[in-house]
Amino acid sequence: MEVRTRFAPSPTGYMHIGNLRTALYAYLHARRNEGTFILRIEDTDQARLVEDSVKVIYESLAVTGLEHDEGPDKGGDFGPYVQSARLPLYREYAQKLLAGGHAYRCFCDKTEKQEEPGEEHDAPILGYDGRCGRLSEAEVQANLAKGMPFVIRQRIDKEGSTSFKDFIYGDIVVENKQLDDQILLKRDGFPTYNFANVVDDHLMGISHVMRGCEYISSTPKYILLYRAFGWDIPEHIHLPHILGPSGKKLSKREGSVALGDFLNRGYLPEAILNYIALLGWNPGTEQEFFTKADLIAKFDIARIGKAPAMFDETKLTWLNAQHIKALPPEKAHELFLKFYPAAITAGFDAKKLSGYIQGKVEKLSDLPQMTAFLAALDDNYSAELFVHAKNKTTRESCKAALADLQELLSGLGSWDYAAILAAVKGYAEAKGAKLGPVMWPLRIAISGQAVTPTGAVEIAELLGKPETLRRISGAIAKL
RNA sequence: GCCCUCUUCGUCUAGCGGUUAGGACGCUGCCCUUUCAAGGCAGAGAUCACGGGUUCGAAUCCCGUAGAGGGCGCCA
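Residues numbered from 1 in each chain as written. Chains lettered and ligands numbered in written order. Predicted model: local features only at pLDDT ≥ 70, side-chain atom pairs only at ≥ 80, totals over all residues. Heavy atoms only, no water.

Draft legend 1. Just the state of the cysteines, in detail. Tallied over the full model, the rule gives zero disulfides. With no disulfide of its own, Cys 108 lies closest to Cys 132 among cysteine sulfurs, the gap being 3.6 Å. (Disulfide = S-S within 2.5 Å.)

Next up, the structure:
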């Protein structure tokens, strides 16, 4: 059977990282099995429509390379791919349910949950009592004649139980009395997720329904719907949640959750994909670094886990550094260019700089701060930095070394890495010293900091002779 | 409140009846005669949530308990 998976986000205005993982898994499963990956927009909540948010979805999929084969912008044989454009379809299928006695019109007042200010109102919310389901045909007709607004609810026989086999979680059994007569078609004529999802997944030929495990509890209701229609039930694959640092579902309150945030903060799309792929899935080998192509080759839904996973930005950062390191130098430079401040690109050999620091960049957004000292030395650095136990340096030893270095370097004919290194090395050897005691003061003098993104010689080279000498003089004065 | 699910180092995880419980991030130390970092190596870190079974033998199978997460919307 052909594998057809779908990613069905609602247009909320941003791409949640948890949703992105769902999209990734659905994409990978489709690609792995030479199937089809479909994008469907679930915009059935008219009250929550966010302007332009469909664009965010397209951009997110494009930047991460999760290309869909069918969708609103790509077309396909199962469209339309936007739920608001499928209203007649839902109406038609709701009618079928009505005709078969699997649904009924409900004329009750709205019972929607209020957005409560003081959250902890966890008063038990009882499901609908089903009273309209017991209305006689005459009563229904009378209400209709009066023009009373109504919704269509699923009629669920409260006897017995309903079960399904989840691919990850195994057999799930729920007693029918736990199942609410959920609303299928809202008063405004739009379907609820609960209805549209089932109808669309069937009509679009979805073979594997992949979604977050918050839907496990309501899946039996969907199963009942499939049965009422006499449809085959697709494979259900519920995914464990991604948790925030507090152990709750990842949410905006606890920092970044949107793909865009991570992109802005200098994470590479491939690193993000790599990291979230590993949240809930593993290859069964010890490989952790994956390109998208690797993931397609190795992804297997059989190795998705059950336990929720906490999102750990530290590990994402490490993975990001790995991906940056693996970039071809030209590509890395191209990306760095977008983050370098103007002072760097204007005043330095940025390409050379990129080459020197590529192995040390964790996030692209670190670049401005990492390179700031090149453009402008902060003269207020502490002279105490020169004192370093391991290199056996003191203020006095540094001052002496810098004085010698200044003379030596000012006499240097050519100013490049090899020449500078040779000069410094020669000096250290002549003094019978190791390189450390000489390099250390040089580094401090020309960078004003103990930690630099590249070595002292590279820095001197980038700075140029006049500036290097100027900074050395400044350091001598300070000492 | 009712229902569903989950539970191996701080974190992500391997494990599917017999392992010194493996790897990764992070942490610590050492090495690399350019600091820090990167890289290499080493180390600390898990009574496998707890309690009962089954079994010659259980992290692995069964039953309870606890904790955590999720669901119970005219939201998805």
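Draft legend 2. Region of the structure containing the packing of aromatic side chains. All told, the structure shown has 16 aromatic pairs when counted by the stated rule. Between the aromatic rings of Tyr 226 and Trp 231, the centroid separation amounts to 6.3 Å while the plane-to-plane angle is 70°, which identifies the pairing as edge-to-face. Considered together, Tyr 226 and Trp 231 belong to a single accessibility category, that of buried residues. One aromatic cluster is present, built from ring pairs that chain together Tyr 25, Trp 281, Phe 290 and Phe 299. Positioned over the ring face of Tyr 128 is Arg 153, at 3.6 Å from the centre of the ring. (Phe/Tyr/Trp six-rings, centres within 6.5 Å; stacked < 30°, edge-to-face > 60°. Buried < 20%, exposed > 50% of the residue type's maximum accessible area, 1.4 Å probe, protein only. Lys NZ or Arg CZ within 6 Å of the ring centre and 35° of its normal.)

Draft legend 3. Broad picture of the pattern of salt bridges. Enumeration according to the criterion identifies 21 salt bridges in this entry. A salt bridge links Glu 70 to Arg 4, with the nearest nitrogen and oxygen atoms 3.0 Å apart. In this pair, Glu 70 is assigned in the loop between α2 (53-64) and α3 (87-100) and Arg 4 in strand β1 (residues 4-7), connecting sequence segments 66 residues apart. Across the pair, Arg 4 and Glu 70 agree in class, each one buried. In this structure, Arg 395 and Glu 384 form a salt bridge, with 2.8 Å as the shortest nitrogen-oxygen distance. (Salt bridge = Lys/Arg side-chain N within 4 Å of Asp/Glu carboxyl O. Helix = DSSP H or I, 4+ residues; strand = E, 2+ residues; numbered from the N terminus.)

Draft legend 4. Representation of the protein's contact with RNA strand B in the model. Residues in close proximity to RNA strand B total 72 residues, the closest being Thr 44, Glu 288, Tyr 417, Leu 435 and Arg 443. One nitrogen or oxygen atom from the side chain of His 388 is found 3.3 Å from a sugar or linking oxygen belonging to RNA strand B. Contact between RNA strand B and Thr 452: a base oxygen at 3.4 Å from a side-chain N or O atom of the residue. Taken together, the elements giving at least two residues each to the surface near RNA strand B come down to β6 (170-175), α5 (193-203), β11 (309-310), α10 (313-326), α16 (417-430), α17 (436-447) and α18 (456-463). Of all the elements, α10 adds the most residues to the surface near RNA strand B, at five residues. In terms of residue class, the surface near RNA strand B is made up of 27 nonpolar, 20 polar and 25 charged. (Near = heavy atom within 4 Å. Polar contact = N/O pair within 3.5 Å; in protein donor to acceptor, adjacent residues only side chain to side chain. Nonpolar A, V, L, I, M, F, W, Y, C, P; charged D, E, K, R; others polar.)

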